[in-house]
Amino acid sequence: MFWMIRVEGSYLYIGGFKAEDLVLKFGTPLYVYDKEVIIENYVRLRNSLKYGDVEVLYSCKANSNVEVLKVFKELGAGLDAVSVWEALLGVKVGFPPDKILFTGNNVTEEELKLALDLGVIVNVDSIQQLVRYGRLNPEGEVSIRVNPGVGVGHHQKAVTGGVTKFGIYLNQVNEALRVAREYRLKIVGLHAHIGSGILDVEPILNVAKTLTKLALSLNLPDLKFVDVGGGLGIPYRPGDKPLDVEGLGVGLTDLFNEFSHAYGRRVKLFVEPGRYLVGNAGVLLTKVVDVKVFEDGSLKKVFVGTDTGMNHLIRPALYDSYHEVIPASKANVERKLLADVVGNICESGDVIARDRLLPELREGDILAIMDVGAYGYSMSSNYNLRPRPAEVMVYRDEVKLIRRRETFEDLIRHMILD
Ligand code: LLP
């Protein structure tokens, strides 16, 4: 049986469950993840990478719920952590430390020490960090994040290559080698991540080419892996063309076969996607609270107000991101209402979806905001002193609460009240 996330008749289903029934059981707003979709994404990517020595590291900044991490652990993935706290959670969940790559930015000495205690692989992002690392762990193993000088992404704010704060710039690589020699460090990895939400194969292959060329020219004796980063995009809009994952797999496989041959031994290929693995596996269910119509002469604007907002999903406000909105129980009702779907936060930028055609909506109707499995909950906040939603995971005909809804007590837990 094949369930996944789909519309049947007028209803949105997630696995074996009608979205409306999940709402009856768990309330709104509610993040719902479909484990089957996550597994399918992972298997598709893994199968496309035919090069023998491959490690897929799940980039857990996209979604760091423990149950999501466990899915990847069971699938045999490694972990990409961008804070020591993500790395610590990975260790607690049971990822072997040597399958966790810690790629921090502006990392303090304390954080580096914690990473060393955890035994994870440290991927340094600057010359200063490399010096700090060398002092703390002379003769140790280290990976180097380089900034190849070019970047791409779905939005300027999601570009990390080029003139950005990330990585060791190409013209600093010789200095990095000098520091590594000074502290007798073994450079075991070369890494780059140029941006997020990439729907073309070419920029990712280009990163891989730059890194493998660099590895060949530096001829690093201890090199174990080359990490080409994440950034694999997913279609959000109805017309978006999905990334050609099979094509990417063939390109990377050919390149790494050639590279290993030229290098004289097998070097592992690491990829570290977040969004691609979990983005389309998540739905945010929200309730319509209010429908407001602004009318002035020929100008008419309809606002469909919901019980969620930019505090729970910041992507539309921060990047003008598009998320499909499906009326969960009126999916095939004729769409004649042109409206903005808005949140309950006191900011006029709190718009979830602009100018969408929807069916007539009433208070109590459920809307599903689609493709929010990545950078949804993980970027949520308590802005306006509002609690965060609950999260549930569906797997076929099973559903499990994987994070309870926050309460007022949670909101004031760290405040000094006397
Ligand atoms: N590796 C590193 C070092 C990263 O910085 C990132 C994402 C990834 C891997 C995973 O990227 P992905 O495969 O998920 O594209 N909040 C933005 C995305 C920012 C991503 C930052 N770094 C969004 O909602 O679109």
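1. Remarks on the overall build of the chain
Phase 1 of the analysis: On a plain count of helices and strands, the chain comes out with 12 helices and 21 strands.
Phase 2 of the analysis: Scaling as 2.2 N^0.38, a compact globule of 418 residues should have a C-alpha radius of gyration of about 22 Å, and the chain matches this with 23 Å.
Phase 3 of the analysis: Taken over the C-alpha atoms alone, the chain extends approximately 70 × 60 × 45 Å along its principal axes.
Phase 4 of the analysis: Counting the 418 residues in the chain, one finds 55% classified as buried.
Phase 5 of the analysis: Within the chain, contacts between residues at least 6 apart in sequence are counted, and of these 68% link residues at least 24 apart.
Phase 6 of the analysis: The distance from the centre of the 50 positive side-chain charges to the centre of the 54 negative ones in the chain is 2 Å.

2. Some remarks on the packing of helix H3 (residues 66-75) against helix H4 (residues 84-93)
Phase 1 of the analysis: Packing of H3 against H4 leaves a shortest axis separation of 10 Å and a crossing angle of 60°. When the axes of H3 and H4 are compared, the crossing they make is right-handed. Taken together, the residues of H4 that come into contact with H3 (itself represented by Val-66, Leu-69, Lys-70 and Lys-73) are Leu-89, Gly-90 and Val-93.
Phase 2 of the analysis: Residue composition of the contact of H3 with H4, grouped by class: 4 nonpolar, 1 polar and 2 charged.

3. A few points about a nonpolar patch on the surface
Phase 1 of the analysis: The grouping of Leu-385, Phe-408, Met-415 and Leu-417 at the surface amounts to a nonpolar patch, some 430 Å² of accessible area in total.
Phase 2 of the analysis: Relative to the helices and strands, Leu-417 resides in the segment after helix H12 (408-412).
Phase 3 of the analysis: By relative accessible area, which is 65% here, Leu-417 ends up exposed.

4. Remarks on the site of the ligand
Phase 1 of the analysis: For the ligand, the set of nearby residues contains 19 residues, the closest of which are His-154, Ser-196, Glu-272, Arg-315 and Tyr-375.
Phase 2 of the analysis: The separation between a nitrogen atom of the ligand and a polar side-chain atom of Tyr-319 is 2.7 Å.
Phase 3 of the analysis: Here an oxygen atom of the ligand sits 2.6 Å away from a polar atom, N or O, in the side chain of Tyr-375.
Phase 4 of the analysis: Here the shell around the ligand is composed, by residue class, of 5 nonpolar, 8 polar and 6 charged.

5. Let's talk about the pattern of salt bridges
Phase 1 of the analysis: Summed over all chains, the structure comprises 20 salt bridges.
Phase 2 of the analysis: For the salt bridge of Glu-139 with Arg-184, the shortest nitrogen-to-oxygen distance reads 3.2 Å. Here the residue Glu-139 occupies a position in the loop between helix H6 (127-136) and strand S9 (141-147), and Arg-184 occupies one in the loop between helix H7 (173-182) and strand S11 (186-191), the gap between them amounting to 45 residues.
Phase 3 of the analysis: For Arg-178, the salt bridge is made with Glu-182, and the minimal N-O distance between the two is 3.2 Å. A residue pair is termed a helical-turn pair when its members lie 3 or 4 positions apart in one helix, as Arg-178 and Glu-182 do in helix H7 at 4 residues.
Phase 4 of the analysis: Judged by relative accessible area, Arg-178 falls into the partly exposed class, the value being 38%.

6. Here we look at the domain arrangement of the chain
Phase 1 of the analysis: The assigned domain composition of the chain is domain 1 (5-33 + 280-412) and domain 2 (34-279).
Phase 2 of the analysis: Computed over C-alpha atoms, the centres of domain 1 and domain 2 are 32 Å apart.
Phase 3 of the analysis: Taken together, the contact between domain 1 and domain 2 spans 30 residues of the former and 25 residues of the latter.
Phase 4 of the analysis: At the boundary of domain 1 with domain 2, total buried surface from both sides reaches about 2,500 Å², with 53% on carbon and sulfur atoms.
Phase 5 of the analysis: Of all residues in domain 1, Asn-280, Tyr-322 and Tyr-375 give up the largest surface area on contact with domain 2, accounting jointly for 25% of the area buried on that side.
Phase 6 of the analysis: Taken together, the connections running from domain 1 to domain 2 amount to 2 salt bridges.

7. Observations regarding the sheet that holds strand S2 (residues 11-14)
Phase 1 of the analysis: A sheet is described by the order of its strands in space; here 3 strands give the open sequence S1-S2-S3, paired in antiparallel fashion. Edge positions in the sheet fall to strand S1 (5-8) and strand S3 (17-18), since each of these pairs with one other strand and no more.
Phase 2 of the analysis: Note: S2 against S3, 2 bridges, orientation antiparallel. Paired with Ile-14 across the strands is Phe-17, a residue of S3.

8. Observations regarding the pairing of S9
Phase 1 of the analysis: A large share of S9 lies buried, amounting to 6 of its 7 residues.
Phase 2 of the analysis: Both strand S8 (residues 121-124) and S9 contribute to a ladder of 2 bridges, which runs parallel. From the neighbouring strand, Val-124 faces S9, where its bridge partner is Ile-144.
Phase 3 of the analysis: Taken together, S8, H6 and S9 constitute a β-α-β crossover, and its handedness is right-handed.
Phase 4 of the analysis: Here 5 bridges tie S9 to S11, and the two strands are oriented parallel to one another. Among the inter-strand pairings, Ile-144 is bridged to a residue of S11, identified as Leu-190.
Phase 5 of the analysis: As judged from the 2 bridges shared by S9 and strand S10 (residues 168-169), these two strands associate in the parallel manner. Note that in S10 the partner of Val-146 across the bridge is Ile-168.

9. Looking at H7
Phase 1 of the analysis: For H7, the complete set of buried residues consists of Val-173, Ala-176, Leu-177, Val-179 and Ala-180. Taken down its axis, H7 places every buried residue within 160° of arc, on the same side. With respect to the buried face of H7, the exposed residues turned more than 90 degrees away are Asn-174 and Arg-181.
Phase 2 of the analysis: Phi turns positive one or two residues past the end of H7, at Arg-184, with a value near 50°.

Parameters at a glance
- Residues numbered from 1 in each chain as written.
- Predicted model: local features only at pLDDT ≥ 70, side-chain atom pairs only at ≥ 80, totals over all residues.
- Heavy atoms only, no water.
- Helix = DSSP H or I, 4+ residues; strand = E, 2+ residues; numbered from the N terminus.
- Rg over C-alpha atoms; globule rule 2.2 N^0.38 Å.
- Buried < 20%, exposed > 50% of the residue type's maximum accessible area, 1.4 Å probe, protein only.
- Contact = heavy atoms within 4.5 Å.
- Lys, Arg positive; Asp, Glu negative; His and termini not counted.
- Charge placed at Lys NZ, Arg CZ, Asp CG, Glu CD.
- Axes fitted to C-alpha atoms, helices over the stretch in contact; angles between N-to-C directions.
- Left-handed = near helix turned anticlockwise from the far one by under 90°.
- Nonpolar A, V, L, I, M, F, W, Y, C, P; charged D, E, K, R; others polar.
- Patch = residues over 30% accessible without salt bridge, like charges linked within 9 Å, V, L, I, M, F, W, Y side chains within 5 Å.
- Areas by Shrake-Rupley, 256 points an atom, 1.4 Å probe, with all protein chains shown as cover.
- Salt bridge = Lys/Arg side-chain N within 4 Å of Asp/Glu carboxyl O.
- Near = heavy atom within 4 Å.
- Polar contact = N/O pair within 3.5 Å; in protein donor to acceptor, adjacent residues only side chain to side chain.
- Domains from an automatic or database assignment.
- Buried area = accessible area lost by both parts, 1.4 Å probe.
- Pairing = 2+ DSSP bridges.
- Right-handed = clockwise from strand over helix to strand, strands pointing away.
- Arc of directions from axis to C-beta.

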